[in-house]
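# Architecture and fold: a report
Take a look at the letters that make up each chain.
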Amino acid sequence: MEKCRLVLFLAAISSVFRLLHATSGDSDPIYKACVDQCKETGCVGDNCFQHCNFSSGGNPIDGPWYLQEPLYLRWKQWDCLSDCRYHCMLVREEERQKLGLKPIKYHGKWPFRRVYGIQEPVSVAFSALNLAIQFHGWVSFFILVNYKLPFSPSKKPYYEYTGLWHIYAILSMNAWIWSAVSHSRDVELTEKLDYSSAVALVGYSLILAILRVFNVRDEAARVMIAAPIVAFVTTHILYLNFYQLDHGLNTKVFVAMSMLQFTLWAVWAAFTQHPSRWKLWLVVTGGVLSTLLKIYDFPPYMGYVDADALWHAISLPLAYLLWSFVRDDSEFGTTTLIKKAK
């Protein structure tokens, strides 16, 4: 009898402990009851969802074609469960706000408010703007080195890092495309593509920083430097895609490689006599501050702007400054090599 009481007491203490330390709203009994009721009735308050209608056999009723959602809207892939979770989350957060409680995560995500089916509209907008700036920076750099600066006798640009910056531009634009897609609709596939593209970009950026800072021109030496970083990044991407999509681990890897390349650029800018080193200092300073937002996670303001959205926003002027430095660096490098040739 005493043992039973002890077991019940420990179980009660454990339950209280879990409730006090619960960090996710999906463990909230009120939220769970709302979702369960929504799955049965297809409604949360006055909001009802057509794809939550079921036949007596439990099969979904799609209805005639003219009552179904248009094809151009089906990309959202919001099903009955996701709509129930979303609207129950909004209702529960409104109740918590009236009680003076702070927002909490639901199923590992902050409570964002959709706009036309877009899950995180502010992050999507900033991702699209970053994509545009990367494209503009790449095109302006391409025009400069191919049409404005002189070529070497071998009919190639004097600037020996031209090809490397072209690859950087492609990886950057690819990363921002998948960032916009992932923030539009965050499912496992889009999240994997977003994480993989971002890690590939930051890994390549580290390689590029090492090659430029130490002025590595020999192709064999470049391959030797790049090989271990490429192997590490590839292993990490395979781990995320085929073993475990670990957000915490991915953030640590991203921050570590970002800080390492910022350190390299900062040390180089401190000792070089490059005329545009001040632009690099601004990029490094802003990059360090924006990367800290990856660590400091906070709930979205008014349901729209969170730390990730601010990181995207800060990336806009930094991308413009970086490409401005790259153009200046290509002019500076070309001028230096021409003087040496004479």
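Criteria and thresholds
Residues numbered from 1 in each chain as written. Predicted model: local features only at pLDDT ≥ 70, side-chain atom pairs only at ≥ 80, totals over all residues. Heavy atoms only, no water. Helix = DSSP H or I, 4+ residues; strand = E, 2+ residues; numbered from the N terminus. Contact = heavy atoms within 4.5 Å. Salt bridge = Lys/Arg side-chain N within 4 Å of Asp/Glu carboxyl O. Buried < 20%, exposed > 50% of the residue type's maximum accessible area, 1.4 Å probe, protein only. Expected span 1.5 Å × (residues − 1). Bend = angle between axes of the 7 residues up to and from the residue. Polar contact = N/O pair within 3.5 Å; in protein donor to acceptor, adjacent residues only side chain to side chain. Phe/Tyr/Trp six-rings, centres within 6.5 Å; stacked < 30°, edge-to-face > 60°. Lys NZ or Arg CZ within 6 Å of the ring centre and 35° of its normal. Disulfide = S-S within 2.5 Å.

### Here's the deal with the environment of V284
Along the chain, the position of V284 falls in helix α9 (residues 277–295). Beyond its immediate sequence surroundings of up to four residues, V284 is in contact with F262, W265 and A266.

### Focus: the pattern of salt bridges
Per the counting criterion, the structure on display carries 14 salt bridges. When the shortest N-O distance is used, the salt bridge between R114 and D83 registers 3.0 Å. Highlighted residues: R114 in the loop between α3 (80–98) and α4 (121–148) and D83 in helix α3, separated in sequence by 31 residues. For D83, a relative accessible area of 6% gives the class buried. R96 is paired through a salt bridge with E93; the nearest N and O atoms lie 3.6 Å apart. Placement of the pair is R96 and E93 together in helix α3, with a separation of 3 residues, close to one helical turn. Across the pair, exposure class does not vary: R96 and E93 are buried alike. In the salt-bridge network here, residues are joined through shared partners; they are D28, R92 and E95.

### Quick word on α4
Since there are 3.6 residues in each turn of an α-helix, residues three or four apart along the chain are aligned in direction. Over its 28 residues, α4 runs 39 Å from end to end, which matches the ideal 40 Å to within 8%, given 1.5 Å per residue. For α4, every residue scored as buried is listed here: P121, S123, V124, S127, N130, Q134, G137, S140, F141, L144 and V145. Residues of α4 that are buried in the fold lie against α5 (162–184) and α10 (307–341).

### Quick word on helix α7 (residues 219–242)
The terminal C-alpha atoms of α7, which comprises 24 residues, lie 33 Å apart, in line with the 34 Å expected from a rise of 1.5 Å per residue. Remark: the principal bend of α7, roughly 30°, maps to A226, with a proline, P228, within the next four residues. All buried positions along α7 are accounted for by R222, A226, I229, V233, H236, I237 and L240. Those residues of α7 that are buried are in contact with α5, α6 (188–213) and α8 (247–271). Two to three positions downstream of the cap, the backbone nitrogen of A220 sits 3.2 Å from a side-chain oxygen, assigning the N-cap of α7 to D218.

### Things to note about the packing of aromatic side chains
Tallied over the entire structure, the rule returns 15 aromatic pairs. Geometrically, the ring pair formed by Y296 and F298 is tilted, given 5.6 Å between the ring centres and 45° between the ring planes. Assessed through its relative accessible area of 18%, F298 is described here as buried. By the ring-pair criterion, three or more aromatic residues cluster together here, those being F141, Y159, Y161, W165, Y168 and W323. Positioned over the ring face of Y86 is R114, at 3.9 Å from the centre of the ring.

### Notes on the environment of V35
Mapping V35 onto the fold places it in helix α2 (residues 29–41). Here the alpha-carbon distance between V35 and L81, two residues 46 residues apart in the chain, equals 7.7 Å. Those residues in contact with V35 that lie beyond four places of it in its chain are L81, C84, R85 and C88.

### Considerations on the state of the cysteines
Tallying each qualifying case throughout the model produces 3 disulfides. For C34, the disulfide goes to C88, at an S-S distance of 2.1 Å. For the disulfide bridge between C34 and C88, the dihedral angle about the S-S bond is near -85°, and by the sign convention the bridge is left-handed. Here C34, found in helix α2, pairs with C88, found in helix α3; they are 54 residues apart in sequence, far enough to count as distant. Both residues of the pair, C34 and C88, count as buried. The side chain of C43 participates in a disulfide bridge whose partner is C48; the two sulfur atoms lie 1.9 Å from each other.

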